[in-house]
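These are the residues of each chain, in order.
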Amino acid sequence: MEQQKLLELLGEMSLDEKIGQLFQGNGSFYEGDSIATGPASEQGFSEQTIREAGSVLSVVGAGNVKQIQKAHMEKHPHHIPLVFMADIINGYRTVFPIPLAQGAAFNPQVAKTGAQVAAKEASAAGVQVTFSPMVDLVRDARWGRVMESTGEDVYLNSVYAGALVEGYQGDDPKKPGKIGACVKHFAAYGAPTAGRDYNNVELSERTLRDDYLPAYEAALRAGALLVMTSFNTLNRIPSSANKWLMRQVLREEMGFKGTVISDWAAIEEIMYHGAAMDRKEAARLALEAGTDIDMMTTCYANYLKELIEEGKVDEKLLDEAVLRVLELKNKLGLFENPFKDADEEAEKELLLCADHREKAKEAAKETFVLLENNGILPLKKEEKVAFIGPYTEEKAIIGAWSIFAREEDAVSIEEGVTAYGGNAIFEKGCELISEGASIQGMNRLYTGTGMAENREKKLLKAVKAAKEADKVVLCIGEHMAQTGEAASRGDITIPENQITLLEKIAEVNQNIVVMLFSGRPLDLRKVKTLAKAILVVWMPGTEGGSAIAEVLYGETPPSGKLPMSFPYAVGQVPVFYSEFHTGRRMDPAHPENRFQSRYMDIPNEPLYPFGYGLSYTEFSYSVVTLSKTELIRGGELKASVLLKNVGKSRGSEVVQMYIRDDVGSVARPVRELKGFQKLWLNAGEEKEVSFTITEDMLKFHDINMNNIAEAGKFTVFIGSDSRTQNQAEFVLK
Ligand code: NOJ
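Described below are features of the structure shown in this document. (Residues numbered from 1 in each chain as written. Predicted model: local features only at pLDDT ≥ 70, side-chain atom pairs only at ≥ 80, totals over all residues. Heavy atoms only, no water.)

**A word on the packing of helix α17 (residues 413–420) against helix α21 (residues 544–552)**
Then, in step 1: Running from amino to carboxyl end, α17 crosses α21 at an angle of 50°, the nearest separation of the two axes being 7 Å. If you check the angle between α17 and α21, you find them oblique. As α17 packs across α21, the resulting crossing turns out to be right-handed. Together, I413, G416, V417 and Y420 of α17 and G545, S546, I548, A549 and E550 of α21 make up the contact between the two elements.
Then, in step 2: Residues of the contact of α17 with α21, tallied by class, amount to five nonpolar, three polar and one charged. (Axes fitted to C-alpha atoms, helices over the stretch in contact; angles between N-to-C directions. Helix = DSSP H or I, 4+ residues; strand = E, 2+ residues; numbered from the N terminus. Parallel < 35°, antiparallel > 145°, perpendicular 65-115°, else oblique. Left-handed = near helix turned anticlockwise from the far one by under 90°. Contact = heavy atoms within 4.5 Å. Nonpolar A, V, L, I, M, F, W, Y, C, P; charged D, E, K, R; others polar.)

**Concerning helix α7 (residues 108–124)**
Then, in step 1: In a regular helix each residue adds 1.5 Å, so 17 residues correspond to 24 Å; α7 covers 24 Å between its end C-alpha atoms and thus fits that length.
Then, in step 2: The buried fraction of α7 amounts to twelve of the 17 residues, a majority that puts the element mostly inside the structure.
Then, in step 3: Listed in full, the buried residues belonging to α7 are V110, A111, T113, G114, A115, V117, A118, A119, E121, A122, S123 and A124.
Then, in step 4: Elements in contact with the buried residues of α7: α5 (62–75), α6 (99–104), α8 (154–169), α15 (344–350) and α16 (354–367).
Then, in step 5: Just beyond α7, the residue with positive phi is G126, at close to 95°. (Expected span 1.5 Å × (residues − 1). Buried < 20%, exposed > 50% of the residue type's maximum accessible area, 1.4 Å probe, protein only.)

**Regarding the packing of α7 against α16**
Then, in step 1: Relative orientation of the contacting elements α7 and α16 amounts to 155°, with a least axis distance of 10 Å. When the interaxial angle is binned, α7 and α16 end up roughly antiparallel. In the packing of α7 onto α16, the handedness of the crossing is left-handed. Residue-level inspection shows V110, T113, V117, K120 and E121 of α7 in contact with α16, the latter providing H356, K359, A363 and E366.
Then, in step 2: Partitioned by chemical class, the residues of the contact of α7 with α16 number three nonpolar, two polar and four charged.

**Structural notes on the sheet that holds strand β18 (residues 471–477)**
Then, in step 1: Pairing is mixed in the open sheet, where six strands are placed in the order β13-β20-β19-β18-β14-β15. Because the sheet does not close on itself, it has two edges, and the strands there are β13 (369–373) and β15 (424–427). Across this sheet, the average inter-strand angle for adjacent strands is 15°, counted without regard to direction.
Then, in step 2: Pairing analysis gives four bridges linking strand β19 (residues 512–517) to strand β20 (residues 533–536), with the strands arranged parallel. In the strand pairing of β20, V514 is matched with I534.
Then, in step 3: Where helix α18 (residues 455–468) meets the sheet, its contacts fall on β14 (385–388), β15 and β18, and the angle it forms with β14 comes to roughly 155°.
Then, in step 4: Along the sheet, α21 contacts β14, β18, β19 and β20; its crossing angle with β19, the most-contacted strand, is approximately 150°. (Pairing = 2+ DSSP bridges.)

**Re the pairing of strand β30 (residues 712–719)**
Then, in step 1: Counting buried residues along β30, six of its eight residues qualify, which places the element largely inside the surrounding structure.
Then, in step 2: Two strands pair when backbone bridges link them, and strand β25 (residues 651–661) and β30 are joined in this way by six bridges, in the antiparallel orientation. Paired with I659 across the strands is V716, a residue of β30.
Then, in step 3: Both β30 and strand β31 (residues 727–732) contribute to a ladder of six bridges, which runs antiparallel. Across the sheet, residue G712 finds its bridge partner in β31, namely L732.

**Concerning the side chain of R93**
Then, in step 1: Residue placement: R93 occurs in the loop between β5 (83–86) and α6.
Then, in step 2: Of the side chains with opposite charge, D409 lies nearest to the buried R93, which makes no salt bridge, at 5.2 Å. (Lys, Arg positive; Asp, Glu negative; His and termini not counted. Salt bridge = Lys/Arg side-chain N within 4 Å of Asp/Glu carboxyl O.)

**Comments concerning the environment of H701**
Then, in step 1: Along the chain, H701 turns up in strand β28 (residues 700–701).
Then, in step 2: The contacts of H701, once residues within four sequence positions are left out, are R206, R209, D210, V666, N706 and N707.
Then, in step 3: Here the side chain of H701 touches D210 through a polar contact of 2.7 Å, side chain to side chain. (Polar contact = N/O pair within 3.5 Å; in protein donor to acceptor, adjacent residues only side chain to side chain.)

**Quick look at the pattern of salt bridges**
Then, in step 1: This structure, assessed with the given rule, holds 58 salt bridges.
Then, in step 2: With a closest N to O distance of 2.8 Å, R209 and E205 form a salt bridge. Residue R209 and its partner E205 are located together in helix α9 (residues 205–221), separated by four residues, close to a single helical turn.
Then, in step 3: For E205, a relative accessible area of 33% corresponds to the partly exposed category.

**Observations concerning the packing of aromatic side chains**
Then, in step 1: All chains considered together, the criterion is met by 19 aromatic pairs.
Then, in step 2: The interplanar angle of 55° and the centroid separation of 5.9 Å between the aromatic rings of F106 and F610 together place this pair among those described as tilted. Of this pair, F106 sits in the loop between α6 and α7 while F610 sits in the loop between α21 and β21 (619–621), placing them 504 residues apart in sequence.
Then, in step 3: Residue F106 is classed as buried on the basis of its relative accessible area of 1%.
Then, in step 4: Between Y391 and F517, the aromatic rings sit 4.1 Å apart at their centres with planes inclined by 10°, giving stacked as the arrangement. Placement of the pair is Y391 in the loop between β14 and α17 and F517 in strand β19, with a sequence separation of 126 residues.
Then, in step 5: A residue is classified by how much of its surface remains accessible, and Y391, at 0% relative accessible area, is buried.
Then, in step 6: Classification of F517 by relative accessible area gives buried; the value is 1%. (Phe/Tyr/Trp six-rings, centres within 6.5 Å; stacked < 30°, edge-to-face > 60°.)

**Some points on the site of the ligand**
Then, in step 1: Neighbouring the ligand are 13 residues; D87, R145, K184, H185 and D263 lie closest to it.
Then, in step 2: Side-chain polar atom of R145 to an oxygen atom of the ligand: 2.7 Å apart, as the coordinates give it.
Then, in step 3: Residue K184 places a side-chain N or O atom 2.8 Å away from an oxygen atom belonging to the ligand.
Then, in step 4: The protein chains hide 95% of the 300 Å² of surface that the ligand would expose on its own.
Then, in step 5: Grouping the constituent residues of the shell around the ligand by class yields seven nonpolar, one polar and five charged. (Near = heavy atom within 4 Å. Areas by Shrake-Rupley, 256 points an atom, 1.4 Å probe, with all protein chains shown as cover.)

**Some points on the sheet that holds strand β4 (residues 55–57)**
Then, in step 1: The strand order across the open sheet formed by eight strands is β11-β8-β7-β6-β5-β4-β1-β12, and the pairing between neighbours is parallel. Looking at which strands have only one partner, the edges of the open sheet turn out to be β11 (259–261) and β12 (294–295).
Then, in step 2: Examined bridge by bridge, strand β1 (residues 23–26) and β4 share three bridges and lie parallel to one another. Looking across to β4, one finds that G25 is bridged to V56.

And the structure:
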């Protein structure tokens, strides 16, 4: 539809109809082709609000979507279609590894392919917009939602943000098999105080601009159609009511012209934050701040009319917001094609098809991170291997947000290894959730199913299996439901019963590979002392078990690197590599000096740093060479190394380039990732790897809050992880 037509439509709409466009309810309001009046009125919504709603969330299934859309459009005074939105995070029915794992691949193509597959499946099932990507920078492993992000690094997150949006939307979200992307959670939701979900965020403006905003910007540059506000306050102001954030930063500075949607009930929560007296004031603040859609509350629906009629809110603000919703529908082609790709036949064909499963497996293989290996891996097919632990048969390995997928479609380790032909036996050893305990997941309750009286028996069987085996692969970790939204943990260790299992097994067989399932960095001190190899497999998705088998047996070597530092202990958190020097720099040669920035009882360094990860082979790096030692503004220089596979097998390395601005008008991070390249080399093969450095890469918010690169000396580091000391220096004139 032409813009002029949209404006005409807007002009014809009544006040109620316009307000309706800003309301988003979920499926509980719709029963087939009619409106479920019960839930609507219980929650304070009138039937009219639902009838005139602009969008709906979490309704999926081609038949369902078509039926609701048809009935809605027939009853709507101007026959305006709904937009169907849903949380399609790491897959719809075929599930890829969780986003944090995708970050570990250090290969944005993995995320792009995942988003393409998700878009194909979800669009066939009627979804038109996904609430993804979440690009919040995450540095506190206690926060459950770190699993939804690609990690702690500004650059890595930004590259992935762009790739995900491109994957979902392609070059035009209107096209078949594409869906609109909604980048979230604006802003800085990933920095809740003390890692507790929904908690307040205190950040300096400089940290916000230098570290937190770039990934959202990258998603917008890639064309994301929507932005979702965050639950948190930012420097005391709830995001959905933050005029400076939404109007100045997002719209003026970043130039965002799309639609802003509140997070679930976030407008009403302005009141609970204590920043509005009541829902009516919350509605006014949110609309004034530029929040267009009210997800799941009555604030806009019940109070905007009054506010406008009383002259407290300018109708122009409403019109602007409504126009942005209509424009969104137009960008998705809904006026011409309100069902978009919803198609029962396509659903049958695409969901979990062989091609999607294969892609999910290839993706998963790239995300595993090998933290330790004394040569015990890869496994050999003739070896007798005991796979022990609660994760051997577990299918809840698809990640907390896979709410439209089915766990039973996932390949467990037992299934994957058996199909691969490993000489293996499987014993659970202990339960993932203790007998009688339960964990509330996103959309179901997980209850421990084991019988307490079998506890000892299970353990004995596992110990016996370990004794008789050449090697043990211990499949342990946190439960999927211990990660994700509202899953903050104060203690980031592996559950105690699984550590006991590890200890018991170690008494009879020391050839232990620990395979770790997790949605966050965990404290692995104990594991490190008892395991000869540690492979982090995160929540690997639908093809987890088959991907794991191929990596364990060496068909594909592991190639992931940590996208978040694994702390030594929870007391270090938030711990991240791009920290700042203090005025009391720690001198490792003199740990006895008291007055340095350090802990008395634990080291400053994480157990495993950002960017770290081993392969089955080894690589050597030459020194860093620079094409010149002076960078002229507007010019570029090349930094290179020669990378050689000096081991005995083919493998992959992620060559990482970090830059430090040695002195600035404000303190600068000790180093920042500015480039990476993932390469596969055969044994003995070598390759020159070069990075181009430009003035733009050196910019930061200076003492006057200008985004500039300051003249002076810079150090460039190129190596295997964020600790590399392989360096050279250049000067920016
Ligand atoms: C709340 C979550 O914070 C957000 O990420 C999600 O998209 C919405 N709920 C909708 O389900």
